[in-house]
Structure formats: C-alpha cells, structure tokens
Amino acid sequence: MSVSETSSESEIDYLTSSDEDEEPKLNYERITEKFQGCFLNDSISACAISKEHFLFGSHNGAVYIYTRKGVLLRKMILHVATVTSLSVDLESENLASCSIDGKLIVYNISSKETSVYDFKRPLLSVAIDPYYSTRSSRQIICGGRAGKVILSEKGWLGSRDIVLQTDCGIVYKIDWYKSYVAWATDTGVYIYSNEYGKIFGTVDYPKKLPNQEVFPYQLYWQSESRLIIGWADQISIVSIQRSSQPNELPKVSVQAVLEIDSIVSGIMMFGFNILVLTYIAEVEDFTSSSRRKRVDAVRPELRLIDTSFQELAGDVIGLTNYSRLQPSDYHLIPDPAMKDHSYMVFPNDIICARERNEIDHVLYLVSREDYAEAISAVETMKDVPPELQVSELGKKYVSHLIENKQYRRAALVIPGLYSNNLDGWEQWVFVFADHNRLEDVAEYLPLGDDHLSPVIYEMTLANYMAFNEQKFNEKLHSWPTHLYSVSTIRKATEKKYEQVPESRFLADSLAFLYVNDNMPVEAFWLYLKLNKKECIDLVFQHNLYDEAKQSILQLLLISADGNPENVSPKVINMLVQHVHSFPPKEVIRQIESVKRFLYAYFCSYEVMFPNSLIEFGDLKVDVFAEFDRPRLFEFLMNTQCYSLGHAYNVCVKYRYLDELVYVLGRMGNNKDALMLIINELSDIGRAIRYVKEQGDKDLWEDLISYSLDKPDFICTLLENIGSDENAHNLITRIPKGMKLPHAKDSLSKLLSDHQLQVFLHLGCHNLFEEEAAQKVKALHSDQNNGFQIDKQIVSGEDNVNGLVNFDYSNLSEEPLPFVFDIKTNEFKSITSLGYDVQTLTSDDEFRDAASHARNRLKPDLAMSSKLSILMALKR
C-alpha cells in the first residue's frame with residue numbers, strides 16, 4: 001500500500017487494512033503535544049511508563065520525567081551517548097537507565113538520589129526489580145555487547161555484581177516479571193528464576209538470520225505462566241509450568257509460533273488478543289547480501305490478532321518523518337495504570353492506542369454520517385458529552401437528510417428526536433414549508449395532548465386544500481378539531497368550494513366543518529347532496545324533520561346504500577314515530593315508486609297503528625303480494641278495506657291460488673272457487689272441506705257430479721264425504737261397472753265411519769229410553785188430572801223449574817194441561833207449543849200433544865236414512 005508521508009499534527013490518520021468500511025477496533029490519539037519538550041527538541045530512543053510517570057530517554061543521553069498529565073518534572077543529562085533502555089519499578093519511585101556509554105544509572109524520582117554503575121562496555125538493556133523500592137537487595141539486571149548478563153545488588157558490604165550468563169553473544173532485551181527474568185541474546189531467549197537463582201529454560205530462535213541484530217527483540221510477560229516473544233517476522237508463545245515437586249525448576253515449552261508478513265517492532269497483550277506493532281518490510285530486505293545500505297520505511301501498522309492467530313484488525317498509523325525509521329525505532333509500551341491503553345513511541349512522535357468506547361463508536365458513526373445508529377447508541381449511554389447529545393445529533397441528522405432531499409425520512413425521525421422539544425419540532429415544519437414539502441412532515445405531526453401550535457396545523461391543512469383535496473379531507477376527519485381553528489378553516493373551505501363546486505372532497509370537508517362549527521342544517525344539505533349517511537345522523541341528533549320531510553325517498557336510499565333490499569329500520573321507524581312531521585300520505589306519495597320501502601313502511605306502521613291506513617288497502621294488497629305472501633293472506637282475511645276485484649286481479653297476476661280461492665268465496669263465486677281447488681290445486685281433500693264449510697247442497701251436487709267420471713276422485717270422496725245424505729247420493733250415482741282403485745279401502749272407511757255413528761245413536765237412545773218413558777208417564781198423568789193455580793202469571797224469577805202459573809177462575813172447570821220441554825228444561829203450556837186452547841177438550845188433541853211431547857224427548861236417530869245407506873251398499 002502506497003501512503004504519502006504528510007499527515008495532520010493534531011490527529012491520527014489511519015486506514016483499515018482489511019476492510020475500509022469496517023469500524024476500527026482501536027482508537028488512536030496523538031499526544032505528542034503533551035510531551036513536546038522532548039519530542040520537538042530531541043530524538044527519543046527509549047521509554048518507560050509507570051502508574052504515575054512517562055519517562056523518555058533520548059539519543060543525546062537525556063532522560064525526561066513527565067507526570068501523566070504531561071507536566072515535565074525533570075530533564076537530566078545522565079548519559080553522554082544514546083539511552084538504550086529505561087526501566088521503572090512498580091512504585092514509580094526508582095528509574096534505571098543504561099546507555100551506549102556503558103553506564104547504568106539508578107535515579108530515585110522522589111529523593112533525586114543517583115547510583116551509577118559503570119560496566120565500560122555498551123549496554124543495550126536494563127531491568128530493575130519490580131519491587132526495588134520495597135526490597136533491600138536493590139537488584140538490577142543489565143546486559144549488552146559484552147556478552148554477559150549481570151545482576152547488580154546491594155549486600156552487607158556494599159554493591160556487588162553477579163554474572164548470570166556469559167558467552168551468550170549480544171544481550172538485546174531484558175524483561176523482569178515478578179520472580180522471573182527473560183533476556184534475549186544472539187543464542188536465544190533464556191528464562192531465569194530469581195527465586196532459585198538459576199536459568200531454567202531456553203527458547204531457541206526458529207531460524208538463524210544474517211545481520212539479525214537489526215531486528216529488535218520483543219519480550220512481554222502475559223503472566224507467570226506465559227511469555228510472548230517477538231523477533232524478526234515471528235511470534236512465539238512460550239508456556240512456563242511450575243513443578244508440583246519441591247525444589248524442582250519450572251518447565252518451559254513453546255506452544256505456538258506465528259509467522260507474519262512484516263517485522264515485529266512491538267508486542268503486548270490487549271485484553272485476550274495480541275497487539276503487534278509491525279514494521280512493513282520483508283525480512284530479506286535486511287538480510288540479503290545485495291540489499292541497500294538503508295531501507296526506506298512506510299507507515300507502520302498496528303495489528304490485532306486473536307488467540308487463534310486470526311487478524312482482527314490492521315490499522316496503518318499516520319506518522320511524520322517515518323521514511324528514515326528502522327524497526328528498532330518503534331516501541332510499543334503497555335500502560336500499567338490503564339489496561340486498555342497502549343502507547344506507540346517513535347523518535348519524534350507518541351501515539352496512544354486504546355480500546356474504543358461508546359463515545360468513539362458514536363463519533364465513528366457521525367463521521368460516516370450514520371446519524372440514526374449514532375442517536376440509537378447515544379440513547380443507551382449514561383454519560384454523554386454535550387456535543388453528542390441527542391438534540392445536537394438530531395439537528396445534524398435532519399439537516400443531512402434534508403440536504404440530500406430525503407424529506408420523508410427526515411419527517412419520520414423528527415417525532416422521535418423532538419418529542420420533548422415541540423419548539424424545535426415546529427422550526428423543522430417551517431423548514432419543510434420552505435422546501436414545499438409540508439405533505440411529508442404532515443404525516444408525523446403530533447395529535448395528542450402534547451401538540452404543536454394551531455398555526456402549524458392550519459398551515460398544513462391550507463397546503464392540502466390547495467394541492468390535494470383528498471388528503472385535506474382525510475386530515476380533517478383524522479385530526480382532532482382542537483388542533484386548529486374550525487371557523488378559520490371553514491371560511492377558507494367555503495371560498496374554495498365556491499370556486500370548485502363539483503369537488504366532492506371539498507363538499508364533504510365543508511360538511512364536516514359545518515358539523516363541528518355548530519351549523520347542522522348546512523351540513524345536512526351537503527351530506528344529502530353527497531348521499532352520505534351522516535345526513536341521517538344529523539336528522540336524529542338535531543331533529544331536522546322539516547328538512548328531512550322533503551327528501552324521504554333519498555334518505556331511505558342513502559340508508560339502504562342505494563339497494564332497497566337493505567332498507568334501514570332506523571329511518572322507517574322515524575317516519576312512523578313522527579307522523580306529525582311525516583304525514584303518511586306524503587310519505588307514501590314520495591316512496592310509492594319503490595315498493596320495497598313502501599312494504600317496510602306499511603309493516604312498521606301497522607305495528608304501531610293497527611288496522612290503519614284503510615284508504616291504502618289496494619296499495620297494501622300490491623306490496624304484500626310482491627314481498628310478503630303470508631301477510632297478504634292475513635290481510636285479505638282480517639280486513640275488508642280493499643277492492644275484491646283488485647284483490648282478485650292481483651292474485652291472478654301472481655297465481656296465488658289459495659288467496660284466490662278465498663277472494664272468490666268472498667265474492668260469492670263458490671263454484672269457481674271449488675273448481676279452482678280441484679283443477680288448479682288438485683287438492684280433493686281441500687275441495688271436500690271447502691264444500692263442508694260452505695254448507696251448500698248445490699256445491700255438494702257439483703262436487704259429486706264432477707267426480708263421477710274420476711275413479712280416484714270418487715275414492716277420496718267416499719273416504720271424506722261424511723254426511724249420510726251425501727254419501728247415499730254418491731253411492732247410488734256411481735256408474736255400474738266402474739273400476740274404483742282402492743275401492744275396498746274407501747268403502748271400508750265409509751262403512752266404519754257410518755257404523756260408528758249408528759252405534760253412537762243407539763247408545764244414546766239406550767241411555768235416555770227409560771228416562772224418557774218415565775217422563776212420558778208423568779206427563780200423561782199430569783195432563784189427565786190437571787191442577788188448580790191460584791196465582792197470577794208472574795215473572796221468570798218466581799217460576800220454579802219452569803212452572804208457569806195461570807188464573808183459571810174465568811175458564812172452564814176442565815184443567816189446562818202442561819208439558820215439560822227437555823230442550824229448554826222447563827214446563828210450558830200447550831199454547832206455547834202452538835196449540836189452540838179451545839180445541840184441547842177432546843181426547844184426540846191431548847193424545848196428539850202427548851205424542852208430540854214424547855217425540856220431543858226422544859233422540860233423533862234417523863235410522864231410516866242409515867238403513868237406506870246400508871241397503872244401497874248391499875245392492
């Protein structure tokens with residue numbers, strides 16, 4: 001990748017090497033200005049960071065001590081040559097530095113005491129005991145080109161040097177962690193136990209390279225059980241396992257070796273991942289015999305590698321004056337005070353790399369103009385800087401959308417951003433108006449208790465009225481009327497409607513505004529014009545019966561949605577219940593053309609006012625015949641307020657035969673009715689019942705005559721004829737030789753019926769025969785003897801058991817007979833029975849009277865008729 005050398009002095013320019021669209025895993029900040037006293041005026045060669053200080057060594061032999069806030073505490077010229085290494089204890093009290101001049105200097109930061117060790121040979125690395133301030137041994141380990149690793153400490157007799165290893169070649173790097181010390185030499189990496197005072201492990205380099213001193217050695221202790229080694233283009237993971245046996249040294253093993261495509265210039269753990277500062281070059285660029293004297297560098301990369309050696313991120317670091325730098329000029333230092341921070345130190349630059357936090361994520365989203373995600377992220381944060389408040393991001397977001405003409409999306413996000421800032425919301429509405437895009441924001445205006453000022457809604461409605469009448473109508477019906485001035489919008493709509501009177505949307509809108517501005521009559525006429533059911537509701541709500549009286553048929557059609565089959569009971573009942581406002585004659589006149597409405601009106605009116613509207617009887621016959629045949633029959637039978645001729649014509653029209661039979665009967669055309677039953681209905685049983693009901697002998701004669709040439713008819717007639725006389729007449733007139741189907745069954749039923757009647761008559765005769773004989777004897781005795789009556793004829797109340805008293809003083813001495821009438825259950829005189837009193841002196845008259853009385857007491861058996869039937873059947 002070719003990258004120019006220029007970069008900003010105030011911020012880091014980085015590129016994601018794997019995917020430029022992916023958010024970086026780390027955040028970078030150039031902090032050179034905090035330490036400008038050393039970086040601007042000197043060239044840094046070594047550095048160390050403690051919990052309280054930043055410490056730098058330069059190529060000029062100077063050592064700088066800064067607070068973490070960037071305050072320079074001291075600048076000391078401790079060496080006369082390049083400072084090659086710095087080491088500070090955990091308490092940040094003592095600093096050890098070594099130099100090419102062969103000196104090792106320990107400086108107490110608090111007391112400013114200095115201890116100098118001169119080894120006469122160039123030193124390349126030093127490591128101070130992490131617990132130097134708390135231990136009396138004051139141990140320091142250093143090494144360099146002398147090929148020795150020397151431990152310096154204080155004893156009872158003063159300082160002493162202990163050689164830990166010799167003949168190991170150049171000592172490049174020493175790192176002390178708790179009781180373990182690791183150092184890198186020409187022959188490999190050695191691990192020393194300060195507890196046992198022995199070297200217990202060696203890690204050989206995977207390969208030998210010429211000129212290998214060019215490659216810086218990197219040692220990083222992740223823990224007492226894990227050491228990470230970086231050298232050339234390789235990374236090794238070393239495991240240290242303590243023995244369970246006492247006094248047995250730990251065991252060392254290499255767990256993994258990773259080879260990368262660049263040179264390792266710094267290494268450390270960053271959480272659970274490995275952070276590698278790489279010098280972008282091939283190893284062969286430094287080891288080849290034909291290589292140039294100096295390799296021109298490109299910008300370094302900081303790579304994040306997981307434990308499975310997969311690269312998670314690779315960022316190119318922006319530096320100044322990087323082209324002449326070498327792998328040993330890069331340093332990657334962990335921060336013991338802030339575990340998620342690390343520092344890349346270069347001769348003239350220092351850059352902080354830290355794990356990205358929520359604010360970094362939001363800033364990244366803002367930089368990519370992904371404001372929606374940025375706002376969502378901010379809403380979940382607890383501590384938000386002022387420049388990242390939702391209100392600020394919201395302004396940028398909406399402005400960005402409007403600038404890109406994404407008006408609908410901008411309108412969509414405003415409610416969420418300004419739900420608690422109605423003034424800000426209103427300002428954006430005016431912005432939309434300036435862009436002639438009010439229709440976009442109108443869909444999202446607040447309609448609840450927390451709403452904008454009325455002018456916003458009125459402005460929006462006016463815009464719709466001018467450009468989209470349908471939307472104007474929709475918004476009027478969906479928006480609460482308290483959001484705007486109904487009177488103001490009504491007046492504007494009236495003017496518009498005068499210009500466009502054919503617009504249904506404007507008419508409906510104006511009617512709605514009339515209703516809400518307490519002008520129901522005007523609203524009624526508009527809704528009626530539009531054929532909308534709201535006009536019916538207005539009639540009921542405001543008693544607009546006078547207005548409705550003029551348009552009854554239209555109201556009914558509106559209520560039925562234009563289909564008379566769906567007639568509304570609500571309007572029909574209104575017409576019936578308010579007869580004073582809707583006279584029946586007027587109602588019938590208007591709706592007569594729609595028979596379905598007329599039928600519903602007649603039915604409802606009859607419920608409330610039975611047997612009324614008699615002057616419209618023929619009209620009722622018409623509508624009942626068309627829509628309700630059962631009601632027609634009921635009407636024909638129960639009322640007489642109709643023309644029989646009209647009813648006859650209607651029944652003929654619809655072929656309502658049952659009704660026609662009834663009408664013919666009422667007209668006196670019984671014979672026609674009978675023929676209709678026989679010929680059209682083919683119901684013999686009904687014909688017989690009809691003849692019986694009429695009690696007309698001529699009808700019986702017609703029926704019998706009609707049946708004589710129809711065997712089936714004769715059989716049915718035999719089974720149902722009933723009367724003795726009629727049965728006798730029928731049987732005697734059946735042509736001889738005619739074959740009757742089911743004759744046996746029909747005659748059996750006839751004989752059975754008549755035999756039953758004979759038994760009934762005989763039974764009744766037997767029941768009363770003895771009683772009748774006794775009565776006759778008593779009557780005869782009374783008539784012969786007579787008795788004297790002294791009282792005058794009195795009223796019925798003084799009569800006892802029907803006995804009537806007469807005064808016979810002026811009559812002859814012959815007693816006047818009385819008889820007992822069983823029909824009236826009382827005694828009566830002979831005269832009351834139609835006999836002349838003057839003629840009752842002869843025995844013949846008395847005998848006739850007695851005979852007549854006996855006949856009145858006997859049941860009428862009519863046995864001669866029954867016997868005649870049986871004799872006829874026998875023949």
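Residues numbered from 1 in each chain as written. Predicted model: local features only at pLDDT ≥ 70, side-chain atom pairs only at ≥ 80, totals over all residues. Heavy atoms only, no water.

Section: the overall build of the chain
Then, number 1: Helix and strand counts for the chain stand at 31 helices and 31 strands.
Then, number 2: Classification of the 875 residues of the chain by burial places 46% in the buried group.
Then, number 3: Considering only intrachain contacts with a sequence separation of at least 6, the fraction spanning at least 24 residues in the chain is 50%.
Then, number 4: For the chain, the exposed area adds up to about 44400 Å²; of that, 48% sits on carbon and sulfur atoms. (Helix = DSSP H or I, 4+ residues; strand = E, 2+ residues; numbered from the N terminus. Buried < 20%, exposed > 50% of the residue type's maximum accessible area, 1.4 Å probe, protein only. Contact = heavy atoms within 4.5 Å. Areas by Shrake-Rupley, 256 points an atom, 1.4 Å probe, with all protein chains shown as cover.)

As for the sheet that holds strand β2 (residues 26-30)
Then, number 1: Pairing is antiparallel in the open sheet, where 4 strands are placed in the order β2-β29-β28-β27. Two strands bound the open sheet, and with one partner strand each, they are β2 and β27 (331-334). Across this sheet, the average inter-strand angle for adjacent strands is 25°, counted without regard to direction.
Then, number 2: Relative to strand β29 (residues 349-355), β2 is paired through 5 bridges, and the arrangement is antiparallel. By the bridge assignment, Asn27 is partnered in β29 with Arg354. (Pairing = 2+ DSSP bridges. Axes fitted to C-alpha atoms, helices over the stretch in contact; angles between N-to-C directions.)

Observations concerning the pattern of salt bridges
Then, number 1: As enumerated under the stated definition, the model contains 27 salt bridges in all.
Then, number 2: Between Arg242 and Glu224 there is a salt bridge, and its shortest N-O distance comes to 3.8 Å. With Arg242 in the loop between β21 (234-241) and β22 (251-259) and Glu224 in the loop between β19 (218-223) and β20 (226-231), this residue pair connects regions lying 18 residues apart in the sequence.
Then, number 3: You can call Arg242 partly exposed: its relative accessible area is 44%.
Then, number 4: Put simply, Glu586 and Arg589 hold a salt bridge, and the shortest N to O gap is 2.5 Å. (Salt bridge = Lys/Arg side-chain N within 4 Å of Asp/Glu carboxyl O.)

Regarding the packing of helix α20 (residues 617-627) against helix α21 (residues 629-638)
Then, number 1: Where α20 contacts α21, the two axes come as close as 6 Å, and the packing angle between them is 150°. Only Arg629, Arg631, Leu632, Phe635 and Leu636 of α21 make contact with α20, whose side of the interface consists of Gly617, Lys620, Val621, Phe624, Ala625 and Phe627.
Then, number 2: Class assignment for the residues of the contact of α20 with α21 results in 7 nonpolar, 1 polar and 3 charged. (Nonpolar A, V, L, I, M, F, W, Y, C, P; charged D, E, K, R; others polar.)

Notes on the environment of Gln212
Then, number 1: With respect to the helices and strands, the residue Gln212 is situated in the loop between β18 (198-203) and β19.
Then, number 2: Among all residues touching Gln212, those that are not within four sequence positions of it are Asp186, Tyr217 and Trp231.

Some thoughts on the pairing of strand β28 (residues 341-346)
Then, number 1: When you tally the buried positions in β28, you get 6 out of 6 residues, the bulk of the element.
Then, number 2: Going residue by residue along β28, you find His341, Tyr343 and Val345 tucked away on one face and Ser342, Met344 and Phe346 tucked away on the opposite face as well.
Then, number 3: One ladder, built from 4 bridges, connects β27 with β28; its direction is antiparallel. Counterpart to Pro334 in the pairing with β28 is Ser342.
Then, number 4: In this antiparallel pair of consecutive strands, β27 and β28, the connection spans 6 residues.

Brief notes about the nonpolar core
Then, number 1: Membership of the largest hydrophobic core comes to 125 residues, with the highest contact counts inside it found for Val362, Tyr484, Ile591, Tyr601, Phe602 and Leu703.
Then, number 2: Looking at this core element by element, the count peaks at 8 residues for helix α19 (residues 595-608).
Then, number 3: Non-local contacts of Ile591, meaning those with residues more than four positions away in its chain, are made with Ile552, Leu553, Leu556, Phe597, Leu598 and Tyr601.
Then, number 4: Within the second largest apolar cluster, 60 residues are counted, among which are Ala184, Phe215, Tyr217 and Ala353. (Core = buried A, V, L, I, M, F, W, Y, C linked by side-chain atoms within 4.5 Å.)

Re the confidence of the model for the chain
Then, number 1: Summarising the model, the chain shows a mean pLDDT of 82, and 80% of its residues fall at 70 or more.
Then, number 2: With pLDDT under 50 throughout, residues 1-18 is counted as low confidence; its partners more than four residues away or in other chains account for 48 contacts.
Then, number 3: When the criterion is pLDDT under 50, residues 853-864 qualifies, and its contacts beyond four places in sequence or with other chains add up to 19 contacts. (pLDDT = per-residue confidence, 0-100.)

Digging into the environment of Ser705
Then, number 1: Here Ser705 shows up in helix α26 (residues 697-707).
Then, number 2: Between the alpha carbons of Ser705 and Ile734 there is a distance of 9.8 Å; along the sequence they are 29 residues apart.

Considerations on a negative patch on the surface
Then, number 1: On the surface, a cluster of negative charge is contributed by Glu259, Glu282, Glu284 and Asp285.
Then, number 2: Looking at Glu284, the relative accessible area reads 49%, which means it is partly exposed. (Patch = residues over 30% accessible without salt bridge, like charges linked within 9 Å, V, L, I, M, F, W, Y side chains within 5 Å. Lys, Arg positive; Asp, Glu negative; His and termini not counted. Charge placed at Lys NZ, Arg CZ, Asp CG, Glu CD.)

Topic: the side chain of His400
Then, number 1: Checked against the element boundaries, His400 lands in helix α5 (residues 390-403).
Then, number 2: Residues contacting His400, with those up to four places away along its chain left out, are Glu369 and Tyr371.

Examining the sheet that holds strand β14 (residues 158-165)
Then, number 1: The strand order across the open sheet built from 4 strands is β11-β12-β13-β14, with neighbouring strands paired in antiparallel fashion. Lying at the two open borders of the sheet, with one neighbouring strand each, are β11 (123-128) and β14. Across the sheet, the mean angle from the axis of one strand to that of its neighbour is 25°, orientation sign disregarded.
Then, number 2: Bridging between strand β12 (residues 140-144) and strand β13 (residues 149-155) involves 4 bridges; their strand directions are antiparallel. Looking at the pairing, Cys142 lines up with Ile150 of β13.

As for the side chain of Asp335
Then, number 1: Tracing the chain through its elements places Asp335 in the loop between β27 and β28.
Then, number 2: Here the side chain of Asp335 touches Tyr343 through a polar contact of 3.1 Å, side chain to side chain.
Then, number 3: Apart from residues no more than four positions distant in its own chain, Asp335 is found in contact with Ile49, Ser50, Arg68, His341 and Tyr343. (Polar contact = N/O pair within 3.5 Å; in protein donor to acceptor, adjacent residues only side chain to side chain.)

A short note on helix α13 (residues 520-529)
Then, number 1: Those residues of α13 that sit buried are Pro520, Ala523, Phe524, Leu526, Tyr527 and Leu528.
Then, number 2: One or two positions beyond α13, positive phi appears at Asn531, with a value near 60°.

With respect to the packing of aromatic side chains
A ring pair, where both rings are aromatic, is described by two values, the distance of the centres and the angle of the planes.
Then, number 1: Under the defined criterion, the tally for this structure stands at 34 aromatic pairs.
Then, number 2: Their ring planes at 40° and their centres at 5.3 Å tell us that Tyr279 and Tyr330 sit as a pair that is tilted. Residue Tyr279 is located in strand β24 (residues 273-279), and its partner Tyr330 is located in the loop between β26 (311-317) and β27; the two are separated by 51 residues in the primary sequence. Take Tyr279 and Tyr330: they sit in the same class, and that class is buried.
Then, number 3: Between Tyr599 and Phe624, the aromatic rings sit 6.2 Å apart at their centres with planes inclined by 90°, giving edge-to-face as the arrangement. Here Tyr599 is found in helix α19, whereas its partner Phe624 is found in helix α20, with 25 residues between them in sequence. (Phe/Tyr/Trp six-rings, centres within 6.5 Å; stacked < 30°, edge-to-face > 60°.)

So, the pairing of strand β5 (residues 62-67)
Then, number 1: The buried count for β5 comes to 6 of 6 residues, which makes it a mostly enclosed element.
Then, number 2: In the sheet, strand β4 (residues 53-58) pairs with β5 via 5 bridges, with the strands oriented antiparallel. In the strand pairing of β5, Phe56 is matched with Tyr64.
Then, number 3: If you look at the hairpin formed by β4 and β5, you'll find 3 residues sitting between the two strands, and Gly61 has a positive phi there, around 90°.
Then, number 4: As defined by bridge partners, β5 adjoins strand β6 (residues 72-77) across 5 bridges and the pair is classed as antiparallel. Directly across from Ile65, in β6, lies its bridge partner Arg74.
Then, number 5: Hairpin geometry of β5 and β6 is characterised by an intervening segment of 4 residues between the two adjacent antiparallel strands and by a positive phi of about 95° at Gly70.

Let's talk about unusual backbone geometry
The general pattern is negative phi for most residues beyond glycine and trans for most peptide bonds.
Then, number 1: With a phi angle near 60°, Glu369 is a residue other than glycine that sits in the positive phi range.
Then, number 2: Take Glu369: it is sitting in the loop between α3 (358-367) and α4 (371-379).
Then, number 3: When its relative accessible area of 44% is taken as the criterion, Glu369 is described as partly exposed.
Then, number 4: Despite not being glycine, Asn531 shows a phi value in the positive range, around 60°.
Then, number 5: Locating Asn531 in the fold gives a position in the loop between α13 and α14 (534-542).
Then, number 6: A residue is classified by how much of its surface remains accessible, and Asn531, at 47% relative accessible area, is partly exposed.

Quick word on the packing of α5 against helix α6 (residues 407-417)
Then, number 1: Where α5 contacts α6, the two axes come as close as 8 Å, and the packing angle between them is 165°. By the angle class used here, α5 and α6 are roughly antiparallel. In this structure, α5 crosses over α6, and the sense of that crossing is left-handed. Two secondary-structure elements touch here, α5 through Val390, Gly394, Tyr397, Val398, Leu401 and Ile402 and α6 through Tyr407, Arg409, Ala410, Val413, Ile414 and Leu417. (Parallel < 35°, antiparallel > 145°, perpendicular 65-115°, else oblique. Left-handed = near helix turned anticlockwise from the far one by under 90°.)

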